[in-house]
Amino acid sequence: MCLAIPVKVAEVLSGDMAKVTLDGVLKVISTALIDDVRPGDYVILHVGYALTKIKAEEAQRTLTLIQEASMNFAP
């Protein structure tokens, strides 16, 4: 099973790349599939590629749901 998650763009890099963050973890991803990515934007990340931009409110709601779901599986 694959999961696409919202991440926040921390820095736009050259060559259609960007640094994104999720819970303090930084990762370099490709933004080649979407246009006009800016720091502060939220994107949906899947296997190293940003698929689309989403609103900050939607990203936060999704991240909260993921966090709540993970609490149900904690020992």
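Now for a quick tour of the structure.

Criteria and cut-off values
Residues numbered from 1 in each chain as written. Predicted model: local features only at pLDDT ≥ 70, side-chain atom pairs only at ≥ 80, totals over all residues. Heavy atoms only, no water. Salt bridge = Lys/Arg side-chain N within 4 Å of Asp/Glu carboxyl O. Helix = DSSP H or I, 4+ residues; strand = E, 2+ residues; numbered from the N terminus. Buried < 20%, exposed > 50% of the residue type's maximum accessible area, 1.4 Å probe, protein only. Pairing = 2+ DSSP bridges.

Attention shifts here to the pattern of salt bridges. Tallied over the entire structure, the rule returns four salt bridges. Put simply, Lys53 and Asp41 hold a salt bridge, and the shortest N to O gap is 3.8 Å. Of this pair, Lys53 sits in strand S5 (residues 49-54) while Asp41 sits in the loop between strand S3 (25-30) and strand S4 (42-46); the two residues are twelve residues apart in sequence, bridging distant segments of the chain. In this structure Lys53 comes out as partly exposed when scored by relative accessible area, which is 33%.

With that settled, the discussion passes to the pairing of strand S2 (residues 17-22). The pairing of strand S1 (residues 5-13) with S2 spans five bridges and is classified as antiparallel. Note on S2: the bridge partner recorded for Lys8 is Thr21. Sheet topology places S2 next to S3; six bridges connect them, and they run antiparallel. Bridge assignment links Lys19 to a residue of S3, and that residue is Val28. Between S2 and S3, which pair antiparallel and follow one another directly, the connecting turn spans two residues, one of which, Asp23, has a positive phi of 55 degrees.

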